[in-house]
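# A look at the structure
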Amino acid sequence: MSRILSIIGVVVTGVYLVALVILFKSRIAEIHAMPPNNIGDFLAGIFGPLAIFWLILGFFQQGIELRQNTHALDLQADELRNSVEQQKQLVEVSRKQVEAELEVIRFERERQKKSARPIFVFHGVGAMFSGPEGTYSSRIKNIGNTATEIEFSYDPPIKQSSLTKVFSWSRGEEQGLEWKYKTPVAESRTVLIISYVDSSGIPGTRLFQFIPVKDEGGPNTMVEVKPWPS
């Protein structure tokens, strides 16, 4: 469009100048005889319309350039919005990737924690009665990892326990446990608390319930061991 305006301006200017030459060709002598200030006024008068014409063309040219600049700015704004949207998508992908990596790390840490802990399993409970008093026994096997500084405590306290402290308890190792209640036999539920330090150096506890069970075949009271719900 600007090229068309330039061509129009050149053509109109050429036609205008040709028309001036034709119009004032026969009056050249009069123009030469005019005082300099009159010549200036004359030139200003004949070239004024041409100047106004070019001013109008410039105005249109500026309008065209302004529209082009506005269009360019709109394109830049669209590109910026697209870039921002792409950046948002990249950030979201990166965030999800980081979350997935953190989840893997958390899972691996939890797996390592679990693999470092001991797992104590009771193998049945026996009982030996002497008069009114009963002595209960069981074997405990560690099927988890090695533990150290193992301590046994009871809630409520009992009369006697063959295990109170064990310095180290390896995987696959069994320990025999015998205990007596303050009453002749088990009368209420007792909780065994086994505290330890696992193979990674983290303290932990395992709880077991000693539940009295009446012997259907006789007057004695047996004990059933169940892990405390985790």
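Since the model is a prediction, treat every value here as computed from it, not as a measurement. Residue numbering note: each chain is counted from 1, following its sequence as written. In view of the model being predicted, local features appear only for residues whose pLDDT reaches at least 70, and side-chain atom pairs are presented and counted only at 80 or more, with totals across whole chains, interfaces and linings using the full set of residues. Excluded from the side-chain calculation are hydrogens and water; included are all heavy atoms of the structure.

### A short note on the packing of aromatic side chains
So the rule is basically this: Geometry of aromatic contacts follows a simple scheme: Phe, Tyr and Trp rings, the Trp one being its six-membered ring, pair when their centres are within 6.5 Å, and the pair is stacked under 30 degrees between planes, edge-to-face over 60, tilted otherwise. Strands are runs of DSSP state E lasting at least 2 residues, helices are runs of H or I lasting at least 4, and numbering of each runs from the N terminus. Think of it in three bands: residues with accessible area under 20% of the maximum for their type are buried, residues over 50% are exposed, and the middle band is partly exposed, with areas taken using a 1.4 Å probe on protein chains only.
For the coordinates displayed, the defined rule picks out 10 aromatic pairs. Centroid distance F152 to W169: 6.4 Å. Interplanar angle 35°. Geometry classified as tilted. Of this pair, F152 sits in strand 3 (residues 147-155) while W169 sits in strand 5 (residues 165-169), and the two are 17 residues apart along the sequence. Overall, F152 belongs to the buried group, its relative accessible area being 8%. Through pairs of rings, three or more aromatic residues link up here, namely F122, F129, Y136, Y154, W179, Y181, F208 and F210.

### Here we look at unusual backbone geometry
For the bond running from D155 to P156, omega is 0°, close enough to zero to count as cis. Inspection of the secondary structure puts P156 in the loop between strand 3 and strand 4 (160-161). Within the chain, E149 stands out as a residue other than glycine whose phi angle is a positive 55°. The topology assignment puts E149 in strand 3.

### Brief notes about the sheet that holds strand 4
Quick note on the threshold: Two strands pair if DSSP finds at least two bridges between them.
Read across the open sheet, the 4 strands follow the order 1-2-6-4; overall the sheet is antiparallel. Each having just a single partner strand, strand 1 (120-130) and strand 4 make up the two edges of the open sheet.

### Some words on the pattern of salt bridges
Note the threshold: What counts as a salt bridge is simple: a side-chain nitrogen of Lys or Arg found within 4 Å of a carboxyl oxygen of Asp or Glu.
According to the stated counting rule, one finds 9 salt bridges in the structure shown. When the shortest N-O distance is used, the salt bridge between R111 and E108 registers 2.5 Å. Of the two residues, R111 and E108 are both situated in helix 3 (residues 36-116); the distance of 3 residues between them amounts to about one turn of the helix. Its relative accessible area of 41% is what places R111 among the partly exposed residues. A salt bridge links E110 to R117; the nearest nitrogen and oxygen atoms lie 4.0 Å apart.

### Section: the side chain of S138
The test is simple: Under the rule applied, a polar contact is a pair of N or O atoms within 3.5 Å (in protein, one hydrogen donor and one hydrogen acceptor; residues adjacent in sequence only if both atoms are side-chain atoms). In what follows, residue pairs with any heavy atoms lying within 4.5 Å of each other are defined as contacts.
The topology assignment puts S138 in strand 2 (residues 133-142). A polar contact is formed between the side chain of S138 and the backbone oxygen of G124, at a distance of 2.4 Å. Filtering out sequence-adjacent residues up to four positions away, S138 remains in contact with F122, H123, G124, V125, Q175, G176, L177 and W179.

### Digging into the nonpolar core
Here is the rule we go by: Only buried residues count toward a nonpolar core. Its members are Ala, Val, Leu, Ile, Met, Phe, Trp, Tyr and Cys residues joined through side-chain atoms within 4.5 Å.
Counting residues in each nonpolar core, the largest one holds 24 residues, and the members touching the most others are F152, L177, W179, L192 and F210. When residues of this core are traced back to their parent elements, those giving at least two are strand 1, strand 2, strand 3, strand 5, strand 6 (174-180), strand 7 (190-197), strand 8 (203-214) and strand 9 (221-227).

### Re a nonpolar patch on the surface
Put simply, the rule reads: Two distance rules govern patches: like charges are joined within 9 Å, and nonpolar side chains (Val, Leu, Ile, Met, Phe, Trp, Tyr) within 5 Å, applied only to residues with over 30% relative accessible area and no salt bridge. For the accessible areas, the method is Shrake-Rupley and the probe is 1.4 Å, while residue cover comes only from the protein chains on display.
A cluster of nonpolar side chains, namely I52, I56, F59 and F60, defines an oily patch on the protein surface of about 430 Å² accessible area. Checked against the element boundaries, I52 lands in helix 3.

### Things to note about the sheet that holds strand 3
Note the following rule: Here an angle of 0 to 180 degrees is reported between the N-to-C directions of two axes, which are lines fitted to C-alpha atoms, with helices fitted over the stretch in contact.
Strand order across the open sheet formed by 5 strands is 5-3-7-8-9, with antiparallel pairing between neighbours. Each edge of the open sheet carries a strand with a single partner, namely strand 5 and strand 9. Going across the sheet, the axis of each strand differs from the next one's by a mean of 25°, ignoring polarity. Sheet topology note: the strand 8/strand 9 ladder contains 7 bridges and is antiparallel. The partner of P212 across the bridge, within strand 9, is V223.

### Some words on the pairing of strand 6
Direction of pairing for strand 2 relative to strand 6: antiparallel, over a ladder of 6 bridges. Paired with R139 across the strands is G176, a residue of strand 6. Where strand 4 meets strand 6, 2 bridges bridge the pair, whose relative direction is antiparallel. Opposite Q160, over in strand 6, you have K180 as the bridge partner.

Interpretation in functional terms is not warranted from these geometric data alone.
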